Amino acid sequence: MSGKQHRILIANRGEIAVRIIRACRALDLDFVCVYTVEDAESGHAHAAAEAGPEKRLYRVSSYHDANELLAVADAAGATAVHPGYGFFAEDYRFARRVRQRGRSLDFIGPSWEVIRALGDKINTKRLARSLGVPTVPGSDKPIYDEMEAEKFARTIYEFQLQQGIERPVILVKASAGGGGMGIEEVHDIDLFRSVFRRIRNYASRQFKDEGVLIEQRIRDFNHLEVQILAERGAGRIVHFGTRNCSIQSTGLQKRLEVAPGFDPSAVRYRFDAAALLAKVTEHSLAMAREVRYDNIGTWEWIVSRDGAPFLMEVNTRIQVENGVSAAVSRIRGKDGTDLIAEQIRTALGEELGYDQDDIGFEGVGIEYRIIAEDPDRNFTPWVGRIETFRPPERDWLSVYTHVPSDRPYDIPTEFDPNLALAIIRGRDLEEAEARGREFLDALVLEGTSPSGDKIRSNVAFLRSMTEHILMF
Amino acid sequence: MMFNISAMLEEIKASPYEEIAVRAPHSGFATFPDGLAPGAAVSGPAGEFREKPGTLLACIERERNPRAVTCPERGEIVAVHRELHGSFVEAGTELVRFRHFLSRGEVEARILKKALHLFLAPERARYYFIPAQDIKIKTAGPRSVSVREGDELFIMSRMKRETPLRYSGPEGILYAVYFSHAADVDARDPLIGVCPPDLVEQVEEVVVRVRTEWKEKF
């Protein structure tokens, strides 16, 4: 594999595009980026423009236009497409088209058959149940009809009462949604219909699909993830451990992740945490084997207070938080772990070159998502100009950002206001937490809104949450 | 509130057109039709529902999907970037420039924008009417809706988050809508124009004056 053989079109933006560029460079692969007019000042666009005399940056009308992205791929001589996350990352039709069009390209992700089997929450639930993998009690098909939805919601409500749950809660979510979007809780069953209508209208506007899922809300849960990597052609399947993504905004969006998922050496749990981690990992691997999984993927679980795991969904793509698992993983014979580079290698047909026994885990990693938002106002996105973004430099810290450090940056309103990812490594939980606090204290983040207000960010929230890492 | 309709009309008459750049709506290979040259008259969409497209200005093809780029308004060609013929262009590249002479309706809208009470977008975002009002506006037109201070009228959608937005301003009839669901609205740009009861007479005068005094070029 060399840069002369492959040219990767990075069909994404921002922080993930920056990380993919980095992985391409590490693998000595050529790359091409796209950007929209709102992203002209983004770090990924600058990195591509400044990568050499050859043209590597193309302006497009949207990151959502498959025809346009593929036309750019042809014009730029790309041989593969990396979708990043979001946009086309879990669209099996796009993955199939990339492979099957006249000028075939490699899709950096699982095969389209695998994405179709697992990229949809409902398919995943059905498959999991068929393998005896526990899933969250709830609907296994999208519901469109209000009467049917209410009937089902009342069944779930009664089920919780029968379980002895004093205050049952129902989760109503857009079937086509993801990333915590379009989810609301129902505490009073008599108000279910109004919430259902609100989510259905939201789903229609945002996803053009009114389907709604109804589930039991597991209270006081931990959100665990299992990181899987597999070779093409039903080859080897390995895992890169677990991580804990329980610290989320009120909109159920992740803000702070920790690897490993639990740390029994530092925290006492009510259940056998080590056994539980082994169990969710084995369930995840079993499902991966069943569908002949063939690239990177994440199995997402929630764990109830008494240690019962339920599979939520599978993300058939790279994620924001893969880096924190890489930070605590060691592949024998390699300097550091870059899961995006591993993803690209396997998607291009290379063998893994190692087995599970060659992957070791050490220490604790914390990932902070630095976001311009106001935690005191329900995490409302903040929009304005970033004047200074200056993270400290430490040998235990990696920061990935598309925010330029040498000039002001206007946050585009078209996308999430994520500014950076910071990954901290420590020998143990105590050291990682101390370093996390040190990082947040030393981070310089300044900016003003169009009306002159100072920047609002989640840095203070992250600092306060650092005290509660891995505690149930 | 009084305003000088004559002065506004004179101001617009001094510069009765706007120059519009037609840009590539997306990346792809551009071609231009024969005969399109500076000075040529072009037409905009026509028909009751604007279902008949305007003059063909260029074609952009990506993934064997040709997309016709047609003139959005009537006018006169100023420049054609024929040097791009057959080449790959990026989204936003200027293809054609033309001069559009203002119609009576556009002049009327420009003057009314100064007369009506404008409710401005508080933030750059995408805006929707709440479902109940949206249906009413779609079926009976905006002027079927009257608004008053505190009415929940919009949904502001930004970064996938939706927030209800209440109208503030004088009570009146929803006279003009300045946004579409398909595009972001910048902060401080108008969302709607509301005509309070005491302005109805002046608004009607604007309509009559423009209809009698404005001569359309084509």
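Just so it is clear, the model here is predicted, and its values are computed rather than measured.

**Student:** Looking at this structure, how should I read the overall build of chain A?
**Tutor:** When helices and strands are counted, chain A shows 13 helices and 23 strands. Relative to the compact-globule value of 23 Å for 472 residues, chain A shows a C-alpha radius of gyration of 22 Å, a close match. With respect to the principal axes defined by its C-alpha atoms, chain A has extents near 70 × 50 × 45 Å. For chain A, buried positions account for 60% of its 472 residues. Sequence separation of at least 24 residues holds for 70% of the intrachain contacts in chain A that already meet a minimum separation of 6. In the form shown here, chain A has an accessible surface area of approximately 18,900 Å², with 46% of it arising from carbon and sulfur atoms.

**Student:** Quick question: what am I supposed to make of the domain arrangement of chain B here?
**Tutor:** Many authors give the size of an interface as the accessible area that is lost as the parts come together. Per the domain assignment, the segments making up chain B are domain 1 (17–101) and domain 2 (105–213). The centre of domain 1 of chain B, based on its C-alpha atoms, is set 30 Å off from the matching centre of domain 2 of chain B.

**Student:** I'm lost on the confidence of the model for chain B in this one. Help?
**Tutor:** Low-confidence regions, as indicated by low pLDDT, have predicted coordinates that should not be scrutinised in detail. Residues with a pLDDT of 70 or more make up 98% of chain B, whose mean pLDDT is 91. Across the predicted assembly, pTM comes out at 0.88 and ipTM at 0.84.

**Student:** How do you make sense of the interface of chain A and chain B when you look at a structure like this?
**Tutor:** Contacts between chain A and chain B engage 35 residues on the former and 22 residues on the latter. Across the interface of chain A and chain B, roughly 2,400 Å² is buried in total on both sides, 47% from carbon and sulfur atoms. The largest share of the area that chain A buries against chain B comes from R59, R205 and T413 of chain A, three residues that together contribute 26% of it. Counting across the interface, chain A meets chain B through 6 salt bridges. In this structure, the salt-bridge partner of K55 of chain A is E90 of chain B, at a minimum N-O distance of 2.7 Å. At the junction of chain A with chain B, the criterion picks out 14 residue pairs in polar contact (both at pLDDT 80 or more). Of all the elements in the fold, those that place two or more residues in the side of chain A that touches chain B are β3 (57–59), α3 (66–76), α8 (192–207) and β18 (380–381) of chain A. Per-class residue counts for the side of chain A that touches chain B are 17 nonpolar, 8 polar and 10 charged.

**Student:** Sorry if this is basic, but what is going on with the side chain of E321 of chain A here?
**Tutor:** Residues and elements named next belong to chain A. Tracing the backbone through its elements, the reader meets E321 in the loop between β13 (309–315) and α10 (322–327). With relative accessibility at 2%, the residue E321 sits in the buried group. Polar side-chain contacts of E321 include one of 2.8 Å to the side chain of R369. Contact partners of E321, with chain neighbours within four places excluded, come to E225, R243, C245, K254, E257, E300, E367 and R369.

**Student:** Would you mind showing me how to read the domain arrangement of chain A here?
**Tutor:** Residues and elements named next belong to chain A. Taken domain by domain, chain A holds domain 1 (7–108), domain 2 (137–216), domain 3 (222–362) and domain 4 (366–468). When each unit is reduced to the centre of its C-alpha atoms, the spacing between domain 1 and domain 3 is 26 Å. Across the boundary between the two partners, domain 1 contributes 19 residues, which contact 18 residues of domain 3. Contact between domain 1 and domain 3 buries roughly 1,400 Å² in total, counting both sides, with carbon and sulfur atoms accounting for 64%. When the buried surface of domain 1 facing domain 3 is broken down by residue, R19, E90 and I108 rank first, second and third, together holding 36% of it. Inspection of the domain 1/domain 3 interface yields 2 salt bridges. The residue R22 makes a salt bridge to D338 at a minimum N-O spacing of 3.7 Å. Among the elements that make up the side of domain 1 that touches domain 3, the one with the highest residue count is helix α1 (residues 14–26) (6 residues).

**Student:** What is the right way to look at helix α6 (residues 121–130) of chain A in this model?
**Tutor:** In an α-helix, one full turn covers 3.6 residues, which means residues spaced three or four apart are oriented alike. Considered for burial, the residues of α6 of chain A that qualify are K121, I122, T124, K125, L127 and A128 of chain A. Where α6 of chain A ends, the next residue or the one after it, G132 of chain A, has phi of about 75°, a positive value.

**Student:** So what exactly am I meant to see when it comes to the sheet that holds β13 of chain A here?
**Tutor:** Sheet strands associate in pairs through backbone hydrogen bonding, adopting either a parallel or an antiparallel arrangement. Residue and element names in this part refer to chain A. Strand order in this open sheet of 8 strands is β13-β12-β9-β10-β11-β16-β22-β20, and the pairing throughout is antiparallel. The sheet is open, and its two borders are formed by β13 and β20 (397–401), each paired with just one other strand. Strand-to-strand twist of the sheet, defined as the mean angle between neighbouring strand axes without regard to direction, takes the value 25°. Looking at chain direction, strand β9 (residues 222–230) and strand β12 (residues 296–303) are connected through 8 bridges and run antiparallel. What sits directly across from I228, in β12, is G297. Across the sheet, α1 lies against β20 and β22 (418–426), angled at about 120° from β20, the strand it touches most. Most of the contacts of helix α9 (residues 273–290) go to β9, to which it runs at about 45°, and overall it touches β9, β10 (237–248), β12 and β13.

Cut-offs and rules
- Residues numbered from 1 in each chain as written.
- Chains lettered and ligands numbered in written order.
- Predicted model: local features only at pLDDT ≥ 70, side-chain atom pairs only at ≥ 80, totals over all residues.
- Heavy atoms only, no water.
- Helix = DSSP H or I, 4+ residues; strand = E, 2+ residues; numbered from the N terminus.
- Rg over C-alpha atoms; globule rule 2.2 N^0.38 Å.
- Buried < 20%, exposed > 50% of the residue type's maximum accessible area, 1.4 Å probe, protein only.
- Contact = heavy atoms within 4.5 Å.
- Areas by Shrake-Rupley, 256 points an atom, 1.4 Å probe, with all protein chains shown as cover.
- Domains from an automatic or database assignment.
- pLDDT = per-residue confidence, 0-100.
- Buried area = accessible area lost by both parts, 1.4 Å probe.
- Salt bridge = Lys/Arg side-chain N within 4 Å of Asp/Glu carboxyl O.
- Polar contact = N/O pair within 3.5 Å; in protein donor to acceptor, adjacent residues only side chain to side chain.
- Nonpolar A, V, L, I, M, F, W, Y, C, P; charged D, E, K, R; others polar.
- Pairing = 2+ DSSP bridges.
- Axes fitted to C-alpha atoms, helices over the stretch in contact; angles between N-to-C directions.

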